Amino acid sequence: MTGAIHNQFDPSVTIALITYNSAAYVRGCLDSLRIAAPHVPVLVIDNGSHDTTCEIVSTVYPECQLLVLGQNIGHSAACNLAFAQAGTTWVVLLDHDTTVPPGWLEPLLATAQHYWPATGMVSSRAVFAGQNRIHHDGGFAHYVGHMTLNHGFAKPADVPGNQPFEVGAQAATALLVHRERALAVGGLDARFFIYLNDFEFTLRMRLRNWRSYVAPASVVLHLQGNPETSWRGSGSYPERRAFLVYRNRWMLLLKIYTLRTLILCGPMILLYELILFAAALRKGWLSAYIAAARDVLRFREEILAQRRQIQADRQISDAELLSAHGLSFVPGLVSSPLARLAQRLIELLLASYWWCMRPLLR
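Residues numbered from 1 in each chain as written. Predicted model: local features only at pLDDT ≥ 70, side-chain atom pairs only at ≥ 80, totals over all residues. Heavy atoms only, no water.

**Student:** Explain the overall build of the chain to me, please; I cannot follow it from the model alone.
**Tutor:** Within the chain, the regular secondary structure consists of 14 helices and twelve strands. Here the C-alpha radius of gyration of the chain, 20 Å, is about what a compact globule of 362 residues would show, namely 21 Å. Seen through its C-alpha atoms, the chain measures out along the principal axes to roughly 55 × 50 × 45 Å. Within the chain, buried positions represent 55% of all 362 residues. Contacts in the chain between residues at least 24 apart in sequence constitute 78% of all its contacts with a sequence separation of at least 6. Carbon and sulfur atoms form 59% of the exposed surface of the chain, whose accessible area is close to 15,400 Å². In the chain, 31 positive and 26 negative side-chain charges are present, and the distance between their average locations comes to 8 Å. (Helix = DSSP H or I, 4+ residues; strand = E, 2+ residues; numbered from the N terminus. Rg over C-alpha atoms; globule rule 2.2 N^0.38 Å. Buried < 20%, exposed > 50% of the residue type's maximum accessible area, 1.4 Å probe, protein only. Contact = heavy atoms within 4.5 Å. Areas by Shrake-Rupley, 256 points an atom, 1.4 Å probe, with all protein chains shown as cover. Lys, Arg positive; Asp, Glu negative; His and termini not counted. Charge placed at Lys NZ, Arg CZ, Asp CG, Glu CD.)

**Student:** Teacher, can you tell me more about the pattern of salt bridges here?
**Tutor:** Two side chains carrying opposite charge are able to pair once their charged atoms lie near each other. Under the counting rule described, the total for this entry stands at eleven salt bridges. One salt bridge in this structure joins Arg191 and Asp189, with 3.2 Å as the shortest N-O distance. Asp318 is paired through a salt bridge with Arg314; the nearest N and O atoms lie 2.5 Å apart. Asp318 sits in the buried class, given a relative accessible area of 1%. Arg314 sits in the buried class, given a relative accessible area of 16%. One salt-bridge network, held together by shared partners, links Asp189, Arg191, Glu200, Arg204 and Lys255. (Salt bridge = Lys/Arg side-chain N within 4 Å of Asp/Glu carboxyl O.)

**Student:** Would you mind going over the nonpolar core with me for this structure?
**Tutor:** Side chains of a nonpolar character, in soluble globular proteins, are inclined to be buried together. Ranked by internal contacts, the top residues of the largest apolar core, which has 49 residues, are Tyr143, Phe199, Leu203, Tyr246 and Ile256. When residues of this core are traced back to their parent elements, those giving at least two are β9 (146–149), α7 (197–207), α8 (239–256), α10 (266–283), α11 (286–298), α12 (300–313), α13 (318–321) and α14 (337–357). In contact with Tyr246, other than residues within four places in its own chain, are Leu276, Ala279, Ala280, Trp285, Ala288, Tyr289 and Ala292. Grouped together as the second largest cluster of nonpolar side chains are 34 residues, Ile15, Val40, Val92 and Tyr213 included. (Core = buried A, V, L, I, M, F, W, Y, C linked by side-chain atoms within 4.5 Å.)

**Student:** Would you mind showing me how to read the pairing of strand β12 (residues 211–222) here?
**Tutor:** The two faces of a sheet get side chains in turn, since along a regular strand they alternate between them. Two strands pair when backbone bridges link them, and strand β5 (residues 98–99) and β12 are joined in this way by two bridges, in the antiparallel orientation. By the bridge assignment, Thr98 is partnered in β12 with His222. Relative to β12, strand β6 (residues 119–128) is paired through nine bridges, and the arrangement is parallel. Each residue of the ladder has a partner; that of Ser124, found in β12, is Ala215. (Pairing = 2+ DSSP bridges.)

**Student:** Is there a simple way to explain the side chain of Ser32 in this structure?
**Tutor:** Inspection of the secondary structure assignment puts Ser32 in helix α2 (residues 26–36). When neighbours within four sequence positions are excluded, Ser32 is seen to be in contact with Thr99 and Val100.

**Student:** Explain the state of the cysteines to me, please; I cannot follow it from the model alone.
**Tutor:** Covalently bonding the sulfur atom of one cysteine to the sulfur atom of another cysteine gives a disulfide. On inspection of all chains with the given rule, the structure shows zero disulfides. No disulfide involves Cys54; its sulfur sits 12 Å from that of Cys64, the nearest cysteine. Cys29 provides the cysteine sulfur closest to Cys79, a residue in no disulfide bond, and the two sulfurs are 13 Å apart. Take Cys79: its relative accessible area is 1%, and that puts it in the buried class. (Disulfide = S-S within 2.5 Å.)

**Student:** Explain the packing of aromatic side chains here, please?
**Tutor:** For any two aromatic rings, the description comes down to two numbers: the centre-to-centre distance and the angle of the planes. This model, assessed by the stated rule, comprises eleven aromatic pairs. With 6.1 Å between their ring centres and 10° between their planes, Phe128 and Phe153 make a pair best called stacked. Of this pair, Phe128 sits in strand β6 while Phe153 sits in the loop between β9 and β10 (165–166), and the two are 25 residues apart along the sequence. Each ring, one from Tyr246 and one from Trp250, has its centre 6.4 Å from the other, and the planes form 20°; the classification is stacked. Residue Tyr246 and its partner Trp250 are both found in helix α8; the two are separated by four residues, about one turn of the helix. Each residue in the set Tyr246, Trp250, Phe277 and Tyr289 is aromatic and connected to the rest through ring pairs, giving one cluster. The positively charged end of Arg240 is found above the aromatic ring belonging to Phe193, 5.4 Å away from the centroid. (Phe/Tyr/Trp six-rings, centres within 6.5 Å; stacked < 30°, edge-to-face > 60°. Lys NZ or Arg CZ within 6 Å of the ring centre and 35° of its normal.)

**Student:** Please clarify how the packing of α8 against α10 should be interpreted in this entry.
**Tutor:** Working note: a packed helix pair is described by the angle between its axes plus the distance between those axes. Running from N to C, α8 and α10 cross one another at 170°; their axes reach a closest spacing of 13 Å. Classed by the angle they form, the pair α8 and α10 counts as roughly antiparallel. Residues Tyr246, Arg249, Trp250 and Leu253 of α8 lie in contact with α10, whose contacting residues are Ile269, Tyr272, Glu273, Leu276, Ala279 and Ala280. When its residues are assigned to classes, the contact of α8 with α10 shows eight nonpolar, no polar and two charged. (Axes fitted to C-alpha atoms, helices over the stretch in contact; angles between N-to-C directions. Parallel < 35°, antiparallel > 145°, perpendicular 65-115°, else oblique. Nonpolar A, V, L, I, M, F, W, Y, C, P; charged D, E, K, R; others polar.)

Everything listed here is a matter of geometry and, on its own, says nothing about what the molecule does.
Printed below as a string of structure tokens:
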């Protein structure tokens, strides 16, 4: 990075919207951006939609730059195209199923400037639309390979204050990212396609000691997503989502963690794996679990090559990167009183083990 990047703050920003069969959402999102950020360039990258998304964007929102892809290359690869196409210092990765109120963007940039030059990313507070529940205020990287959502599913009134704060990981619901720093770590991993891809990307950013913050005064309203992969606690859990979460978690562990961490934390990682395997059996996801394992084996050489680069470039230890906050699950996934009690006991065991191992990982 050049000295100019380190010493001067440039607020130039592009808003990047990744769409895929987004006709039900894209009007609401782009209408809200017209009001909240009327002079900010908006880049819409369409991931092979076969509904009317592209027609809506091109005819109703001609001020947006529309990049139409012939196929669905995945959320990760589309985000990387946004980083490549944007001509600004910052890029906001914004989910297609969101709306933003006036005053949404300014706290993101103000927070980035306040902590500059440490800033790598700043996220909005994501709130479920119409539900009076926080989706997340960023999160933390649990050492079993699970992202803990900060303030996940809490009521906004129960989380007082709107001052920015630091977090250990991010989801890309509404995420301001320093473009050159994103490119320096290779962007998002296209192999992940979607799910945990933003989590893994933000961990690589943090390994370079670029910090991650939340601006809770910046609020984004989050809707329901695509039925093929999204799940909000009711109906059938999509098997495609289960496959991606299983596979991508294993790739994250193999790439990000040091060998020392994998060995020392291995017993609890294995325990968590057994729990996931039991859930796969109980919920009928065994075929997704097996397919995920096959994919990891298929990608093993690429995973190991990327792992070598990540470990060579890292500037902080796993003791700084990882945590043992409670496990976050979408309400409805862990529903019975017995299951909730088991979750609390497992969280206590995992946390106790972590505080014994953490000093050895510095």
